[in-house]
Amino acid sequence: QVKLVESGGGLVQPGGSLRLSCAASESIFRVYDMGWYRQAPDEQRELVASITDRGNTDTVDLAKGRFTISRDFAKDIVYLQMNNLKPEDTAVYYCKAHIAPWGRPADDYWGQGTQVTVSS
């Protein structure tokens, strides 16, 4: 079973920065779209940013100008650079990828989530 492993979360002061990373736990035939979502307590999970297998990106309004999604195509790693963090950015951040494992059909896979807390 393919797993997505996230890293880079933590506690940061308002105005600070964090960089999240997400990579698959094993070799994969092909990775299609990748994205970052977040879920705050008592809130629904929401999309933050996504990147296609061609490098086209989409960032939701709440993140524009502050968050940047990027991707290492050689290693199938997706990053989320978060700058000027605000307390309302506090949430568990999840990586999602549409992956075709070797010998298996493509499907959506989620990471386990990484906590981001913005507080002074």
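Reading the values: rules and limits
Residues numbered from 1 in each chain as written. Predicted model: local features only at pLDDT ≥ 70, side-chain atom pairs only at ≥ 80, totals over all residues. Heavy atoms only, no water. Core = buried A, V, L, I, M, F, W, Y, C linked by side-chain atoms within 4.5 Å. Buried < 20%, exposed > 50% of the residue type's maximum accessible area, 1.4 Å probe, protein only. Helix = DSSP H or I, 4+ residues; strand = E, 2+ residues; numbered from the N terminus. Contact = heavy atoms within 4.5 Å. Pairing = 2+ DSSP bridges. Polar contact = N/O pair within 3.5 Å; in protein donor to acceptor, adjacent residues only side chain to side chain. Phe/Tyr/Trp six-rings, centres within 6.5 Å; stacked < 30°, edge-to-face > 60°. Lys NZ or Arg CZ within 6 Å of the ring centre and 35° of its normal.

**Looking at the nonpolar core**
Among the nonpolar cores identified, the biggest contains 28 residues, and Trp36, Leu80, Met82 and Tyr93 are the most heavily contacted of them. Put simply, the parts of the chain that give this core at least two residues each are strand E3 (18–24), strand E4 (30–39), strand E5 (46–51), strand E7 (67–72), strand E8 (77–82), strand E9 (91–100) and strand E11 (114–118). For this core, the leading source of residues is E9, giving five residues. For methionine 82, the residues in contact, after removing those within four places along its chain, are Gly16, Ser17, Leu18, Leu20, Arg66, Phe67, Tyr93 and Val116.

**As for the pairing of strand E1 (residues 4–7)**
Here E1 shows a buried face lined by Leu4 and Glu6 and an unburied face lined by Val5 and Ser7. Pairing analysis gives four bridges linking E1 to E3, with the strands arranged antiparallel. Bridging across to E3, leucine 4 finds its partner in alanine 24.

**Re unusual backbone geometry**
Despite not being glycine, aspartate 42 has its phi angle at roughly 65°, a positive value. Along the chain, aspartate 42 falls in the loop between E4 and E5. Taking the relative accessible area as the measure of exposure, aspartate 42 reaches 83% and is therefore exposed. Phi at aspartate 76 takes a positive value of approximately 55°, unusual for a residue other than glycine. Its relative accessible area of 21% is what places aspartate 76 among the partly exposed residues.

**Some remarks on the side chain of threonine 114**
Tracing the backbone through its elements, the reader meets threonine 114 in strand E11. Of the polar contacts made by the side chain of threonine 114, one reaches the backbone nitrogen of glycine 9; its length is 3.3 Å. If sequence neighbours within four positions are ignored, threonine 114 has contacts with Glu6, Gly9, Leu20, Ala91, Val92 and Tyr93.

**Considerations on the packing of aromatic side chains**
Enumeration according to the criterion identifies three aromatic pairs in this entry. On the basis of an interplanar angle of 65° and a centroid distance of 5.1 Å, the ring pair of phenylalanine 29 and tryptophan 102 is categorised as edge-to-face. Of this pair, phenylalanine 29 sits in the loop between E3 and E4 while tryptophan 102 sits in the loop between E9 and strand E10 (107–110), placing them 73 residues apart in sequence. Tryptophan 102 carries the same exposure label as phenylalanine 29, and that label is exposed. Above the ring of tyrosine 94, the side-chain terminus of arginine 45 is found at 3.7 Å from the ring centroid. Note that arginine 45 overlies the ring of tryptophan 110, its terminal NZ or CZ placed 4.7 Å from the centroid.

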